[in-house]
Amino acid sequence: MALTVLCISFLVFLLLGVPVAFSIALSCIATYWTEGFPLELAFQNMISGMNVFSFLAIPFFIFSGELMLHGGIADKIVNFARNMIGHRRGGLGMANVVACTLFGGVSGSPVADVSAMGGVMIPMMKKEGYSADYAVNVTTHASLCGALMPTSHNLIIYAFAASSSSGLLMGKDIMIKGVSIGDLMFAGLLPVIVLMVCMLFAAYWVAKKEGYPIRADGSSTLDKFAGWNAVLTSGVAALPGMFVVVIILGCIIMGITTATEAAGIAVVYSLFLTFVGYRTMTWEKLMKAAAKAAKTTGVVLLLIGVSTMFQYIMTILEIPDKTAELLLSATTDPIVMFLLINLILFLLGTFMDMASTILICTPLFLPLAIHMGMGPVQFGIVMLLNCALGLNTPPVGTTQFVGCAIGEVSVEQVMKSILPFYGALFAVMAVVTYFPAFSTWIPSLLKGAPVY
């Protein structure tokens, strides 16, 4: 009865258009009431879920990204990427991929990446004769790299969700002592490189197939190479902005700081760089960055709080065990099982935002993944890739809607030419899912011990 109330009420609230965080909270309260639990317990779970010291890294990472976004770092990265490969066939599209990847490392947010890069690159590509749907697809898919970058606050959300996923599964005690945020940061580096390469290939293949660039005057001539001096000059100008990733990873590698403290240092560095280094930050922009960071942080922490209520109910009702029984009744082959988990995560990601999917699905599928031989670090990268893909898939494709708004093109038109870019994403998903070394090799190398 309680499980029925939980599932049906959650779906009803979502269909009525209630925001995900409130849908989770209301369905949990309805279930608590059905089971006769005191409602005070629900709010105690909510507060305890948000009251975690390591979550200080979330507002720091978000604020650092907003400072870089409003501080004009995007223009310098775009200039560097265009000077480097903009002269080749489909060069502006490939420059867009490189620029989105680099800025994703600065912002740690696919949505911020699309907003910054899309505002610059999409109108530029349209002006040069590229179709609007191509410009939007290149930007929105390349921006997904931000979800795996060290500055991504979603890594911290996953680490929290994973630490709450221990318990009995099929009569076996699955203990997850905690996932290192530092391990997750390094685990995403190689998949990001592979994802960028696949996106470069997709952008080039489509550009070659369509004969891009075709200019407004009907010509198809390519831009001239700006020269290595221009590449070096623009690279030096963009380097300080991208150095924030080096600061974060360097502090963690050398044991100088924890991930939370490194995030605080990133904020101080971003303030210094935008105010003193580039001198592009104004008090008005600072207030906008602070307001946006506060709003995003509030939404994320609210989701964490209500998801703690949800996880408590799942534990009481043994939902992970029932989910595992259902999937294991379909197959016991790890290859097929991981394919099923990916499909379910992808489908759920099309209806929920990234943080919600991570918080709800990690306790459900992580114990099962461990039971089938996949470690929590590898599963974290698989989870983040699936959630990122959901950001670019209707009906809740946030990055796609932002890109379409900038490009002034309909979602339907963009979906008609999306398959090559989807193919690149699914190829990376397959590699990360079935080849653990792609996500565990770098953290294992740095630790000197296996990381799973």
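These figures come from a predicted structure and were not determined experimentally.

Asker: Requested: an account of unusual backbone geometry, with residues and values cited.
Answerer: Although it is not a glycine, Arg279 sits at a positive phi angle of roughly 55 degrees. With respect to the helices and strands, Arg279 occurs in the loop between α13 (259-277) and α14 (283-316). The backbone phi angle of Glu408 is positive, close to 55 degrees, even though this residue is not glycine. Relative to the helices and strands, Glu408 resides in the loop between α19 (398-407) and α20 (411-416).

Asker: Before we move on, can you summarise the layout of surface pockets with the specific residues and values?
Answerer: As a volume, the largest pocket reaches approximately 870 Å³. Around the largest pocket, the lining comprises 34 residues; the ones closest to its centre are Val111, Thr296, Val299, Val300 and Asp353. Sorting elements by how many residues they give to the lining of the largest pocket places α14 first, with seven residues. Approximately 640 Å³ is the volume found for the second largest pocket. Along the walls of the second largest pocket sit 24 residues, with Cys7, Phe10, Leu11, Leu348 and Ile360 positioned nearest its centre. Elements represented by at least two residues in the lining of the second largest pocket include exactly α1 (2-15), α14, α15 (319-330), α16 (334-349) and α17 (354-371). Ranked by residues supplied to the lining of the second largest pocket, first place goes to α1 with seven residues. Along the lines of polarity and charge, the residues of the lining of the second largest pocket split into 21 nonpolar, two polar and one charged. In terms of domain composition, the lining of the second largest pocket takes at least three residues from each of domain 1 (1-37) and domain 2 (53-447).

Asker: Provide a residue-level description of the domain arrangement of the protein, including the pertinent values.
Answerer: Taken domain by domain, the protein comprises domain 1 (1-37) and domain 2 (53-447). Between domain 1 and domain 2, the C-alpha centre-to-centre distance is 30 Å. Counting residues at the interface gives 15 residues for domain 1 and 16 residues for domain 2. Between domain 1 and domain 2 lies a buried interface of about 1300 Å² when both sides are counted; carbon and sulfur atoms form 90% of it. Counting every contact that joins domain 1 to domain 2 gives zero salt bridges. Where domain 1 touches domain 2, the interface holds zero residue pairs in polar contact (both at pLDDT 80 or more).

Asker: Break down the side chain of Ser9 for me, with residues and values.
Answerer: The residue Ser9 is located in helix α1 in this model. Judged by its relative accessible area of 14%, Ser9 falls in the buried class. Looking at Ser9, its side chain comes within polar contact range of the main-chain oxygen of Val5, at 2.5 Å. Within the structure, the side chain of Ser9 is placed 3.2 Å from the backbone oxygen of Leu6, a separation counted as a polar contact. When neighbours within four sequence positions are excluded, Ser9 is seen to be in contact with Thr4 and Ser27.

Asker: Hey, could you go over a nonpolar patch on the surface for me, with residue numbers and the actual values?
Answerer: Together, Ile335, Val336, Leu339, Leu343, Tyr434, Phe435 and Phe438 make up an exposed nonpolar region whose accessible area comes to about 620 Å². In terms of residues, the nonpolar patch owes the most to one element, α16, which gives four residues. Along the polypeptide, Tyr434 turns up in helix α21 (residues 419-434).

Asker: Would you mind going over the state of the cysteines in detail, with residue names and values included?
Answerer: One pass over the structure, following the stated rule, counts zero disulfides. In this model Cys28 remains outside any disulfide bridge; the closest cysteine sulfur is found in Cys7, 11 Å from its own.

Asker: Give a detailed account of the packing of aromatic side chains, specifying residues and quantitative values.
Answerer: Under the definition given, this model contains twelve aromatic pairs. Here the aromatic rings of Tyr130 and Tyr134 are separated by 5.7 Å at their centres, their planes lie at 10 degrees, and the arrangement is stacked. Summarising the burial analysis for this pair, Tyr130 and Tyr134 share the class buried. A ring pair is formed by Phe243 and Tyr269, whose centres lie 6.3 Å apart and whose planes are at 55 degrees; its orientation type is tilted. Here Tyr269 lies in helix α13 and Phe243 lies in helix α12 (residues 228-253), a separation of 26 residues in the sequence. Counting every residue linked through ring pairs, the aromatic cluster contains Tyr32, Phe37 and Tyr312. Directly above the aromatic system of Tyr278 lies the positively charged group of Lys76, at a separation of 4.4 Å from the ring centroid.

Asker: Could you give an account of the environment of Thr323, with specific residues and numbers?
Answerer: Locating Thr323 in the fold gives a position in helix α15. Once the C-alpha coordinates of Thr323 and Leu364 are considered, the two residues, 41 residues apart in sequence, prove to be 7.0 Å apart. Discounting residues that sit within four places of it in the chain, Thr323 has contacts with Leu364 and Phe365.

Asker: Would you mind going over the environment of Tyr434 in detail, with residue names and values included?
Answerer: Residue classification places Tyr434 among the partly exposed residues on the basis of a relative accessible area of 32%. Once the C-alpha coordinates of Tyr434 and Met281 are considered, the two residues, 153 residues apart in sequence, prove to be 45 Å apart. Dropping the residues within four chain positions of it, Tyr434 is found in contact with Ile335, Phe338 and Leu339. Within the local environment of Tyr434, its side chain forms a polar contact with the backbone oxygen of Ile335, the two atoms lying 2.7 Å apart. Here the side chain of Tyr434 touches Leu339 through a polar contact of 3.4 Å, landing on its backbone nitrogen.

Each value, and the rule that gives it
- Residues numbered from 1 in each chain as written.
- Predicted model: local features only at pLDDT ≥ 70, side-chain atom pairs only at ≥ 80, totals over all residues.
- Heavy atoms only, no water.
- Helix = DSSP H or I, 4+ residues; strand = E, 2+ residues; numbered from the N terminus.
- 1 Å grid on protein atoms, 1.4 Å probe; cavity = no way out; pocket = protein on both sides within 12 Å on 5 of 7 lines; lining within 4 Å.
- Points joined across faces, edges and corners; volume = space filled by probe spheres on them.
- Nonpolar A, V, L, I, M, F, W, Y, C, P; charged D, E, K, R; others polar.
- Domains from an automatic or database assignment.
- Contact = heavy atoms within 4.5 Å.
- Buried area = accessible area lost by both parts, 1.4 Å probe.
- Salt bridge = Lys/Arg side-chain N within 4 Å of Asp/Glu carboxyl O.
- Polar contact = N/O pair within 3.5 Å; in protein donor to acceptor, adjacent residues only side chain to side chain.
- Buried < 20%, exposed > 50% of the residue type's maximum accessible area, 1.4 Å probe, protein only.
- Patch = residues over 30% accessible without salt bridge, like charges linked within 9 Å, V, L, I, M, F, W, Y side chains within 5 Å.
- Areas by Shrake-Rupley, 256 points an atom, 1.4 Å probe, with all protein chains shown as cover.
- Disulfide = S-S within 2.5 Å.
- Phe/Tyr/Trp six-rings, centres within 6.5 Å; stacked < 30°, edge-to-face > 60°.
- Lys NZ or Arg CZ within 6 Å of the ring centre and 35° of its normal.

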